Amino acid sequence: MADKSMEGLNSFTAKEEQVVDASKKVRIGFIGTGGIANSHIKAYLGRPDVEIVAGCDIVPGKAAKFFASYELEGVKTDYKDHEEMLADKSLNLDAVSICTYNRQHANCAIAAMRAGLHVLLEKPFTVTLDEAIEVMKVEKETGRILSIGFQPRFDPNMQMIKKICESGELGKIYYIQTGGGRRRGIPAKGNKDTFIRDDTAGIGALGDIGCYSIDMIMNAIGHPKPLTATGMISDRFGKDPNYSGYTAENGKEYAAKFGVDDFAGGFIRLEGDIILDFRISWAMNMDSPGDTIILGTEGGLRIPATECWNGTVGGEMTIYKEVEGLQTELKVPIINTKTDRIGQKIGSFVEAVKNGGTAPVPTSQIIYNQAILDGIARSAELGREVEIEIPCI
């Protein structure tokens, strides 16, 4: 039996393509030119209203090589660090993309905002909740735009999840299971080890891909405040020199350097009497931790897992309902679009800077995400449930 009230959930109207006003150029600088910076620069180069004028990296010569690989001339890179670049007022920068490793997120964001610049900060927001709070204090103090890099929000399938939850079709949501990850996927290859070292990453699978899963859910249900967390983290695979994802040549080296988590799980109590059951993996002896399920008093939603977090869903979703005493299922088809999620992340930030808008992905929402990550990590360290306290900023 078809449920007429849900018919609208099978449709999605794409936004009209935006016309870019190139009469005003936004002058962009890069802090950090590692892997994710490639996605940023490609998106910026696709916009006629952006001028890339400077970049820095703590590795000597890395920034110059990065911009040269895109055949960009005239980009200033002769800086020893971000502070030196930010002090160069001749650049007339409007904003920066921060693409450093996690441990530098807070420091660089604070310095950039105090230099009068708007900031697009890659995820995770920070490593700890305390760091995130300090960043937000400076954001408030300076009045700068600070947007966090969660591009899955621009995926129409992710937007459909939010639409379903907000429609009321599920009733009162009371339990959510979410997570995902990889069977074998610790991000350490060649001489690239910044994802697995505590002094650079500070947080592993929990912050790398776990933050995406949490944002998918929290954004869909309206960002209820997290209250308590019971968590566990594991590093069993990462510290094993015989882990199959390592090569024979570097296994011992990577295992010795591994200082973060390769698996994490948590049980979070949220405001509104909602339970969040979470697990995330870089490495595990299972093909998947399971689909995301959202249970409500009037219906349930199943969201198929992806092999690895790729910014969308793993297949068509299913809504489970009871209609006139009959158990019914409604398939929500995949929305197949060529959505450029990174491009929209960058574009929405540029438009906000140009027009004096607000952050597309605001810290007022992501602070709850960070609080959950922090709560899981603290609980795992202490071996007990912890309360989550977020001060007014």
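Residues numbered from 1 in each chain as written. Predicted model: local features only at pLDDT ≥ 70, side-chain atom pairs only at ≥ 80, totals over all residues. Heavy atoms only, no water.

**A word on the overall build of the protein**
Helices and strands together make up the secondary structure of the protein, namely eleven helices and 14 strands. A compact globule built from 393 residues should have a C-alpha radius of gyration of about 21 Å, and the protein, at 21 Å, falls within 12% of that. With the C-alpha coordinates aligned to their principal axes, the bounding extent of the protein is approximately 70 × 55 × 40 Å. Counting all 393 residues of the protein, 54% fall into the buried class. Counting contacts in the protein only where the partners sit at least 6 residues apart, residues at least 24 apart contribute 73% of the total. Within the structure as shown, the protein displays about 17,900 Å² of accessible surface, and the carbon and sulfur contribution to it stands at 49%. Measuring between centres, the 44 positive side-chain charges of the protein sit 2 Å from its 54 negative side-chain charges. (Helix = DSSP H or I, 4+ residues; strand = E, 2+ residues; numbered from the N terminus. Rg over C-alpha atoms; globule rule 2.2 N^0.38 Å. Buried < 20%, exposed > 50% of the residue type's maximum accessible area, 1.4 Å probe, protein only. Contact = heavy atoms within 4.5 Å. Areas by Shrake-Rupley, 256 points an atom, 1.4 Å probe, with all protein chains shown as cover. Lys, Arg positive; Asp, Glu negative; His and termini not counted. Charge placed at Lys NZ, Arg CZ, Asp CG, Glu CD.)

**A few points about the packing of aromatic side chains**
Summed over the entire model, instances satisfying the criterion amount to ten aromatic pairs. Both rings, one in phenylalanine 30 and one in phenylalanine 67, keep their centres 5.8 Å apart while their planes meet at 80 degrees; by these two values the pair is edge-to-face. Placement of the pair is phenylalanine 30 in strand E1 (residues 26–31) and phenylalanine 67 in helix H2 (residues 62–68), with a sequence separation of 37 residues. A residue is classified by how much of its surface remains accessible, and phenylalanine 30, at 0% relative accessible area, is buried. For the pair phenylalanine 237 and tyrosine 243, a centre-to-centre distance of 6.4 Å together with 75 degrees between the ring planes defines the contact as edge-to-face. The structure contains a cluster of three or more aromatic residues connected by ring pairs, namely Phe30, Tyr44, Phe66, Phe67 and Tyr70. (Phe/Tyr/Trp six-rings, centres within 6.5 Å; stacked < 30°, edge-to-face > 60°.)

**Quick notes on the packing of helix H5 (residues 129–142) against helix H11 (residues 363–382)**
Here H5 crosses H11 at 165 degrees, and the two axes come no closer than 9 Å. Classed by the angle they form, the pair H5 and H11 counts as roughly antiparallel. When the axes of H5 and H11 are compared, the crossing they make is left-handed. Judged by residue contacts, Leu129, Ala132, Ile133, Met136 and Glu139 of H5 engage Thr363, Ser364, Ile367, Gln370, Ala371 and Asp374 from H11. Broken down by class, the residue content of the contact of H5 with H11 amounts to six nonpolar, three polar and two charged. (Axes fitted to C-alpha atoms, helices over the stretch in contact; angles between N-to-C directions. Parallel < 35°, antiparallel > 145°, perpendicular 65-115°, else oblique. Left-handed = near helix turned anticlockwise from the far one by under 90°. Nonpolar A, V, L, I, M, F, W, Y, C, P; charged D, E, K, R; others polar.)

**Observations concerning the pairing of strand E11 (residues 299–303)**
The side chains of a regular strand alternate between both faces of the sheet. For E11, a buried count of four out of five residues is recorded, marking the element as mostly surrounded by other parts of the structure. Sheet topology places strand E10 (residues 292–296) next to E11; four bridges connect them, and they run antiparallel. Residue pairing in the sheet places isoleucine 294 in a bridge with leucine 301 of E11. From the end of E10 to the start of E11, which pair antiparallel, there are two residues. (Pairing = 2+ DSSP bridges.)

**What about the sheet that holds E1?**
Hydrogen bonds along the backbone pair up the strands of a sheet, which may run parallel or antiparallel. Taking strand neighbours across the sheet as the criterion, the five strands line up as E2-E1-E3-E4-E5 in an open arrangement whose pairing is parallel. The open sheet has two free edges, formed respectively by strand E2 (50–56) and strand E5 (146–149), since each of these has just one partner strand. If you compare each strand with its neighbour and ignore which way they point, the axes differ by 20 degrees on average. Here strand E4 (residues 118–122) pairs with E5 via four bridges, running parallel. Looking at the pairing, leucine 121 lines up with isoleucine 148 of E5. Most of the contacts of helix H10 (residues 341–355) go to E4, to which it runs at about 165 degrees, and overall it touches E1, E2, strand E3 (95–98), E4 and E5.

**What to know about the packing of helix H4 (residues 105–114) against H5**
For the pair H4 and H5, interaxial distance at closest approach is 9 Å and the crossing angle is 10 degrees. For the element pair H4 / H5, the angle class is roughly parallel. Across from Ala106, Ala109, Ile110, Met113 and Arg114 in H4, the residues of H5 making contact are Glu131, Glu134, Val135, Val138, Glu139, Glu141 and Thr142. Broken down by class, the residue content of the contact of H4 with H5 amounts to six nonpolar, one polar and five charged.

**A word on the pattern of salt bridges**
This model, assessed by the stated rule, comprises 24 salt bridges. Across the pair aspartate 49 and lysine 354 runs a salt bridge whose closest N-O atoms are separated by 3.0 Å. Of this pair, aspartate 49 sits in the loop between helix H1 (35–45) and E2 while lysine 354 sits in helix H10; the two residues are 305 residues apart in sequence, bridging distant segments of the chain. Among the residues examined, aspartate 49 registers a relative accessible area of 0% and is labelled buried. The class for lysine 354 is buried, based on a relative accessible area of 8%. For arginine 114, the salt bridge is made with glutamate 141, and the minimal N-O distance between the two is 3.7 Å. Separated by 27 residues along the polypeptide, arginine 114 in helix H4 and glutamate 141 in helix H5 bring together distant segments of the chain. We classify arginine 114 as exposed; its relative accessible area is 54%. For glutamate 141, a relative accessible area of 55% translates into the label exposed. (Salt bridge = Lys/Arg side-chain N within 4 Å of Asp/Glu carboxyl O.)

**Looking at the sheet that holds strand E13 (residues 326–332)**
Read from one edge of the open sheet, nine strands run E13-E12-E11-E10-E6-E9-E8-E7-E14, paired in mixed fashion. Pairing within the sheet leaves two strands with one partner each, and these edge strands are E13 and strand E14 (386–387). Relative to strand E12 (residues 317–323), E11 runs antiparallel, the two being bridged by four bridges. When the sheet's bridge partners are listed, glycine 300 is paired in E12 with tyrosine 320. Each of strand E6 (173–181), E10, E11, E12 and E13 is contacted by helix H6 (residues 156–167), which is oriented at about 15 degrees to E12, the strand it contacts most. The strands touched by H11 within the sheet are strand E7 (226–234), strand E8 (263–270), strand E9 (274–281) and E14, with E7 carrying the most contacts at an inclination of about 55 degrees.

Keep in mind these numbers describe shape, not what the thing actually does.
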